[in-house]
Amino acid sequence: MAKQIGILTAGGDSPGLNAAIRGVGKAAGGAFGMNVIGFRDGFRGLVENRTVFLDRAALSGILTLGGTILGTSRDKPHRMPMGGKEMDMTDVIVANYEKHNLDALVCLGGGGTQKNAYRLMQKGLNVITLPKTIDNDVARTDVTFGFDTALSIATQAIDRLHSTAHSHHRIIVVEVMGHNAGWLALGAGIAGGADVILIPEIPYDVDKVAEAILERSRSGKGFSIVAVSEGAIEKSDYEAIHAIEEQIRAAREKGDKALRKKLRKKLDALYAHQGDSTVRLARRLEELTRLESRVTILGHLQRGGTPTAADRLLATRLGTACADYVEKGVFGVMVAARGEYTEPVPLEEVAGHRKTVPIDHPWIVSARRIGTNMGD
Ligand code: F6P
């Protein structure tokens with residue numbers, strides 16, 4: 001009997017998803033004679049039983065497309081908004097998995113998806129995942145697909161900002177995505193020749209950034225490009241957040257609910273303050289340097305459009321390897337990129353473990369060696 005496999009894409013979309021769906025689907029259907037069905041809009045489609053048959057025709061012509069032909073959502077199986085309230089829909093997912101006689105469920109996603117897939121594995125489903133995200137923050141894989149495309153889009157943007165910053169003798173602060181990991185800002189900042197790179201892993205001191213920019217001015221460079229990760233945080237805020245977190249921990253140990261509530265409010269206010277941190281940074285730099293400043297937020301541009309050749313290749317390698325693991329009955333793993341090869345990594349080693357930039361990472365060493373200010 002032909003094996004039945006289901007596939008879904010969850011979390012934020014990412015270039016290379018369609019290449020990966022095609023890789024899994026063509027290898028599973030072609031090389032191994034399996035039947036492949038797709039679930040629409042992530043785990044929600046699995047709950048609502050919205051499916052599409054992924055035969056050769058459906059998988060044709062999608063290699064170069066951005067987004068995901070299946071649609072996606074950030075809905076979690078155990079906390080899914082249903083008619084105005086959040087419900088645990090795990091049992092419905094298990095029932096639909098059985099209804100379709102699935103031999104495996106392939107989940108394509110980032111950190112959140114890995115956690116959700118791990119939970120489904122614990123419920124007894126044969127789950128296998130692929131690492132996708134422009135943030136490159138999934139643990140235990142060399143790289144995630146989507147990252148290379150976003151990296152080249154952000155780099156091109158920084159390239160283009162140079163000429164206008166130079167012409168107007170301005171500071172341009174360019175905000176790069178990446179959630180709480182600095183891979184994208186660091187990579188694009190180095191590749192695009194940013195003068196300052198600020199990442200979440202190195203809390204920054206705005207006075208030191210201003211001083212670096214003034215130093216450039218004194219040496220005759222009247223403009224500066226600051227690449228800032230959306231998750232970058234000012235040192236004083238970082239310290240304040242950590243101090244409050246410590247106090248919350250102590251209050252929890254003492255069982256002081258009222259104090260915990262008060263401290264939580266303080267913490268929420270500090271997090272809310274992070275919302276417009278890039279704009280505030282540009283304003284502060286303008287005040288401190290007396291150089292005109294502008295902000296460019298790259299946002300979802302970084303996730304859109306056709307994947308690069310490197311992402312198409314990576315997604316195809318991981319997708320086809322995934323079909324191979326399903327055929328061999330290897331489940332409960334993420335198909336990781338390891339050099340030129342792939343490796344099945346147990347989901348418990350991936351779920352809940354984010355890969356941030358180590359502060360002694362070679363990219364940071366290189367950036368510092370060419371004189372890039374890292375905000376510290
Ligand atoms: O995880 C990918 C990512 O693009 C992050 O870089 C960013 O913080 C987030 O998704 C944005 O999410 P949304 O598309 O839901 O606004």
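A brief look at the structure comes next.

Conventions used here
- Residues numbered from 1 in each chain as written.
- Predicted model: local features only at pLDDT ≥ 70, side-chain atom pairs only at ≥ 80, totals over all residues.
- Heavy atoms only, no water.
- Near = heavy atom within 4 Å.
- Polar contact = N/O pair within 3.5 Å; in protein donor to acceptor, adjacent residues only side chain to side chain.
- Areas by Shrake-Rupley, 256 points an atom, 1.4 Å probe, with all protein chains shown as cover.
- Nonpolar A, V, L, I, M, F, W, Y, C, P; charged D, E, K, R; others polar.
- Domains from an automatic or database assignment.
- Buried < 20%, exposed > 50% of the residue type's maximum accessible area, 1.4 Å probe, protein only.
- Helix = DSSP H or I, 4+ residues; strand = E, 2+ residues; numbered from the N terminus.
- Pairing = 2+ DSSP bridges.
- Right-handed = clockwise from strand over helix to strand, strands pointing away.
- Expected span 1.5 Å × (residues − 1).
- Arc of directions from axis to C-beta.
- Contact = heavy atoms within 4.5 Å.

### Regarding the site of the ligand
Turning to step 1, where the next piece is worked out: For the ligand, the full set of nearby residues is Arg-74, Thr-133, Ile-134, Asp-135, Met-177, Gly-178, His-179, Glu-230, His-300 and Arg-303.
Turning to step 2, where the next piece is worked out: Gly-178 is positioned with one of its backbone polar atoms (N or O) 3.1 Å from an oxygen atom of the ligand.
Turning to step 3, where the next piece is worked out: Between an oxygen atom of the ligand and a side-chain N or O atom of Glu-230, the distance comes to 2.5 Å.
Turning to step 4, where the next piece is worked out: When the free accessible area of the ligand is taken as 400 Å², the share hidden by the protein chains comes to 71%.
Turning to step 5, where the next piece is worked out: Of the residues in the shell around the ligand, the class split is two nonpolar, four polar and four charged.
Turning to step 6, where the next piece is worked out: Shared between two domains, the shell around the ligand takes at least three residues from each, and those domains are domain 1 (4–145 + 307–349) and domain 2 (150–303).

### Re the pairing of strand S2 (residues 35–39)
Turning to step 1, where the next piece is worked out: Burial analysis of S2 places four of its five residues in the buried class, which makes it a mostly covered element.
Turning to step 2, where the next piece is worked out: As defined by bridge partners, strand S1 (residues 4–9) adjoins S2 across four bridges and the pair is classed as parallel. Its bridge partner being in S2, Ile-5 is matched across the sheet by Val-36.
Turning to step 3, where the next piece is worked out: Note on the crossover from S1 through helix H1 (residues 17–31) to S2: the handedness is right-handed.

### Quick look at helix H9 (residues 235–254)
Turning to step 1, where the next piece is worked out: Relative to the 28 Å expected for 20 residues at 1.5 Å per residue, H9 spans 29 Å between its end C-alpha atoms, a close match to the ideal helical length.
Turning to step 2, where the next piece is worked out: Those residues of H9 that sit buried are Asp-237, Ile-241, Ile-244, Ile-248 and Ala-251. Viewed end-on, H9 has its buried residues packed into an arc of 85°, placing them on one side of the element. Across H9 from its buried face, at more than 90 degrees, point the exposed residues Glu-253 and Lys-254.
Turning to step 3, where the next piece is worked out: The inward-facing, buried residues of H9 abut helix H10 (257–273).
Turning to step 4, where the next piece is worked out: Following H9 by one or two positions, Gly-255 has its phi on the positive side, about 75°.

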